[in-house]
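Listed here are the chains, written in short residue letters.
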Amino acid sequence: QVQLVESGGGLVQPGGSLRLSCAASGFTFSSSAMTWYRQAPGKERELVASIAITGGGTGYAKSVKGRFTISRDDAKNTVYLQMNSLKPEDTAVYFCNALRTNGMPMNYWGKGTLVTVPS
């Protein structure tokens, strides 16, 4: 069955950095575009970054472009999110997922990992 296990979150001061990891299994990782979403308290889940299969490109939400970098390691079935210059508004639970051919995420979500940037 599909498993998505996010890790690497924590408390970091404004301007600091964190690297999130997502270990995936139960589907063909190397053939799947991967994404990071986040959900802040009282807000809807939003897409923050995406990466195509190896050889393709990446995309970022305007709010994180220039600060976050998504990458993948197909040998480890893992997708990463390097987060730099963190701001209080980045505080959220971060989730990874794979995209279906229609551009929507799979109908499965892991537990996520919490990133807290105090103000």
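Now for a look at the structure at hand. (Residues numbered from 1 in each chain as written. Predicted model: local features only at pLDDT ≥ 70, side-chain atom pairs only at ≥ 80, totals over all residues. Heavy atoms only, no water.)

Examining the pattern of salt bridges
Across all of its chains, the model carries 4 salt bridges by this definition. Residue aspartate 90 is joined to arginine 38 by a salt bridge in which the shortest nitrogen-to-oxygen separation is 2.9 Å. Separated by 52 residues along the polypeptide, aspartate 90 in the loop between β8 (78-83) and β9 (92-98) and arginine 38 in strand β4 (residues 34-39) bring together distant segments of the chain. The two residues aspartate 90 and arginine 38 agree in class, both being buried. Close ionic contact of aspartate 74 with arginine 72 constitutes a salt bridge, the shortest N to O distance being 2.9 Å. Several salt bridges converge on common partners, so that one network encompasses Arg38, Glu46, Arg67 and Asp90. (Salt bridge = Lys/Arg side-chain N within 4 Å of Asp/Glu carboxyl O. Helix = DSSP H or I, 4+ residues; strand = E, 2+ residues; numbered from the N terminus. Buried < 20%, exposed > 50% of the residue type's maximum accessible area, 1.4 Å probe, protein only.)

Considerations on the pairing of β9
For a regular strand, side-chain orientation follows a simple rule: the groups alternate between the two sheet faces. Taken across its 7 residues, β9 has 6 buried, putting it largely inside the fold. When β9 meets strand β10 (residues 113-116), the two strands line up antiparallel, connected through 3 bridges. Across the sheet, residue tyrosine 94 finds its bridge partner in β10, namely threonine 113. (Pairing = 2+ DSSP bridges.)

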